[in-house]
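# Structural features, examined
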Amino acid sequence: MRLKLTMDRLKRRIAVAAKRVPADLVIKNAKIINVFTREILEDNIAVVDGFIAGIGQFEGYETIDASGKYIVPGFIDGHVHIESAMVTPAEFSNVVVPHGVTTIIADPHEIANVSGTNGIEYMLNASEGIPLEVLIKLPSCVPATPFENAGATLDYADLTPFYNHPRVIGLGEVMDYPSVMQNAENMLHKLIDAHSKDKHIDGHAAGLNGDGINVYMAAGIRTDHECVTSDEALERLRKGMYVMLREGSAAKDLITLLKAVNENNARRCLFVTDDKHLDELINQGSIDYNIKLAINQGLDPLLAIQMATLNAAECFGLKSKGAIAPGYEADFLIVNDLHLIEIDQVYKSGKLVAKNGKVTNSPVLKIEPDPSIVNSVKIKPLSREQLQIKIGNGSLANIIEILPNMIITKHLIEEVDSHKGLFQYNLEKDLLKIAVLERHKMTGNIGLGIIKGLGIKNGAISATVAHDSHNIVAAGSSDEDLLEAIAHTSEMKGGLAVVQNGKLLASLPLSIAGLMSDMQSIEIYERLKEITQALIKIGCTFEFNPFITLSFLALPVIPELKITDLGLFDVKTFRHIEIEIQKMMN
C-alpha cells in the first residue's frame, strides 16, 4: 500500500511542507494527539503521497473538517497470529481495520507448523494489497519443541530467503528456551542470521526467572508477551526488555500487568492480542479494546494511546509509524471520544479505509493455497481401544488442571476411578479424557491424558487448532463421543466439532491448514454462534471458551503440565511423564 519513496515523491513532500504546492489532503481543525509529548494540540494536518508533510496552515486538493474530533495515530498490534482468528488475512483486515488497527506484527508460526515454507508463502501472498499492513516475523521454532510431531521442520536455511521480502522484519517468538540456553547450533544459526540482517528478534519467556531473562537478553532477544504477573513484567523491564501487555482470548493478562506500568517505565510497554478468536474481535475489538480496558483501569488515555502507537513502532524500529508528525506515514484515526475510543474513520496511507465500523472497500482476494495446505489432515483409522487409559484401581494420576482464562495449567496429582484396569470418567469431579492425535504424517501417535476443569457434562469436542503443532486435540465425557468428534474433524479436512450422544451438534470447517476458513468472516461468525449453543448443550458454562482452552493444552512450552501426541509433558522438567503415579496402599 505504501508508495516507494522516489526522487519525485520526496521533492513533492518537501514542496508541500514548504507550502509551494497544495497537499493531497488537509485535515482541518483537528485535535491532534501528540504521542511524543502527550499533549492535545489543535491544528491542521497536510498529507501527500500517503505521508504527513506538515502540521500547520496548509491548502489541499481535498479537505476534511475534523472540528470537535481527535486525530490519533493508527494502532499497532505488536504480536498477533492471524490464524488464531480462523480467517484469511484479507478477512482479518476487514475485521480489525474498523477497530483502528492499521499495522500488525504477525508471526505465521501456526500455519508454518502445519505446512512449512508453503504456509509462510501463503500468508505473505494472501496479505498483499489489503488495507491492513501485515509485517511478518519468521517462525523461529517449528516445531516448538522436539517433544512433539509437527507438519514441518524449519531450520535457519529455510528461513533465510524470506528476509529478502520487504514485509519480513524479524525472527518470531523464540519459545525454545532450552535450545538458546544450551547453545543448540541450529538455534544459534537462526539468531545470528537475524542479527546479521539487523532484524528484530521476539521472545517467549513463559515462566522464566531472572537468570532466564539474562540468557534471552544476552542472545539479543528484546521482547516478551508471556508475562502473567506484575512481578514478571517488572523483572523484564528492569533487564531492558520491551513488555507486551496481552489481552487475547485464552490469555487475559492486561489488567494484572497494568499494575507494573508507571510513568517511569511505560515507554517500554506496548499492547498485543497474540491469539484472539473472531467472535471476540467482532464483539470486543482488537488493540482498541486493550486501550479501553487500560483507560477503565485508570491509565491516562494519552499514555494508553502512546503505548498502542509510538511505543510499538519504536520497539520494532518502524521509524515512520506511530505518530502524527511530518515525515510519518498518514495512518490515522478520526475519533469522537478519547476515553471511549469511539472511532469514526480510519485512514491508511492517507486513504479512507473504514468508516462507522465498516471497511469502505473490502478486498476480494482469492489466493489459492498450495494443495498440501488444504490436504493437511491425515490420520490412521481409530478404535475405542486406542483411547483407553490403563490405570490401576485407587491409583494416583498426573492430571492437567485448567485455570480459567489462562494458558498456564496446574499439575494436579489426584486419585482417579478405575474399572478392570481402565480409567473411568468422573463427571462429578470433572475428570475427563483428553487425546492428541498426530495428523500430519500418519504416524499413528496418540497422546492420552486426564483433565480437570473443562466442564463438559455430556459430549465431546475436537479441533485441529492445537498450538503449536496443530495436531488433532479432543476432549470429552465418553470414548464414543470422542471417536465421533475426531472423525468429523478429520472428514472436514480440519476444523472444530461438537458432538453429543454420537451426533454432530455443530461444526466449523477449517480447510486451510486445518486453521483457517475460506468463508467470509460473517459466515464464520454465525457458525461460531452455533458452536456456542452446542457447547452450552453439552454442559459448558462459559467461564472460558473450551475450544480456546483446549488449543493451548497441547503447547509444551507453557507451564505446568501439557499434552502432545507423545503423551503427558511436564514443562518444569521438560520431559514426558506417565499418567499413573503409584498404587495407593490400603
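These numbers were taken from a predicted model, which means no experiment stands behind them.

So, about the UniProt feature "domain: Amidohydrolase-related" (unreviewed entry) in the chain. Using the residue numbers shown here, the UniProt feature "domain: Amidohydrolase-related" (unreviewed entry) corresponds to residues 70–353. For residues 70–353, helix accounts for 35% and strand for 21%, while the C-alpha atoms at its two ends are 17 Å apart.

The next subject is the pairing of strand E25 (residues 472–476). Most of E25 is tucked away: 5 of the 5 residues are buried. One ladder, built from 5 bridges, connects strand E22 (residues 431–437) with E25; its direction is antiparallel. Looking across to E25, one finds that Ala-435 is bridged to Ala-474. Inspection of the sheet shows strand E24 (residues 460–463) paired to E25 by 4 bridges, in the antiparallel sense.

Now for the pattern of salt bridges. Tallying each qualifying case throughout the model produces 25 salt bridges. Arg-38 is the partner of Glu-263 in a salt bridge, and the nearest nitrogen-oxygen pair spans 3.0 Å. With Glu-263 in the loop between helix H9 (254–257) and strand E13 (269–272) and Arg-38 in the loop between strand E1 (23–34) and strand E2 (39–48), the pair connects residues that are 225 residues apart, well separated along the chain. Among the residues examined, Arg-38 registers a relative accessible area of 26% and is labelled partly exposed. One salt bridge connects Arg-246 with Asp-253, and the closest N-O pair in it is separated by 3.2 Å. The pair Arg-246 / Asp-253 is uniform in exposure class, with both members buried. In this structure, a network of salt bridges that share partners links the residues Glu-133, Lys-321, Glu-329, Asp-331 and Lys-348.

What follows is about the sheet that holds strand E28 (residues 561–564). By way of backbone hydrogen bonds, the strands of a sheet pair with one another, either parallel or antiparallel. The antiparallel open sheet is built from 3 strands, whose spatial order is E28-E29-E30. Looking at which strands have only one partner, the edges of the open sheet turn out to be E28 and strand E30 (575–577). Across the sheet, the axes of successive neighbouring strands diverge by a mean angle of 45°, strand direction being ignored. Looking at chain direction, strand E29 (residues 567–570) and E30 are connected through 3 bridges and run antiparallel. Each residue of the ladder has a partner; that of Leu-568, found in E30, is Ile-577.

So, on to the packing of helix H11 (residues 287–296) against helix H12 (residues 301–308). Between H11 and H12, whose axes approach to 9 Å, the crossing angle comes to 150°. As far as their axial angle goes, H12 and H11 are roughly antiparallel. For the pair H11 and H12, the crossing hand works out as right-handed. Contacts between H11 and H12 involve Ile-287, Ile-291, Ala-294 and Ile-295 from the former and Pro-301, Ala-304 and Ala-308 from the latter. Considering only residue class, the contact of H11 with H12 consists of 7 nonpolar, no polar and no charged.

Moving on to the environment of Ile-71. Relative to the elements of secondary structure, Ile-71 occurs in strand E5 (residues 70–73). For Ile-71, the residues in contact, after removing those within four places along its chain, are Ile-27, Ala-30, Lys-31, Ile-32, Ile-33, Ile-45, Ala-66, Ile-324, Phe-332, Leu-333 and Ile-334.

Definitions and limits used
Residues numbered from 1 in each chain as written. Predicted model: local features only at pLDDT ≥ 70, side-chain atom pairs only at ≥ 80, totals over all residues. Heavy atoms only, no water. UniProt positions renumbered as here; feature names shortened; annotations may be inferred. Helix = DSSP H or I, 4+ residues; strand = E, 2+ residues; numbered from the N terminus. Buried < 20%, exposed > 50% of the residue type's maximum accessible area, 1.4 Å probe, protein only. Pairing = 2+ DSSP bridges. Salt bridge = Lys/Arg side-chain N within 4 Å of Asp/Glu carboxyl O. Axes fitted to C-alpha atoms, helices over the stretch in contact; angles between N-to-C directions. Parallel < 35°, antiparallel > 145°, perpendicular 65-115°, else oblique. Left-handed = near helix turned anticlockwise from the far one by under 90°. Contact = heavy atoms within 4.5 Å. Nonpolar A, V, L, I, M, F, W, Y, C, P; charged D, E, K, R; others polar.

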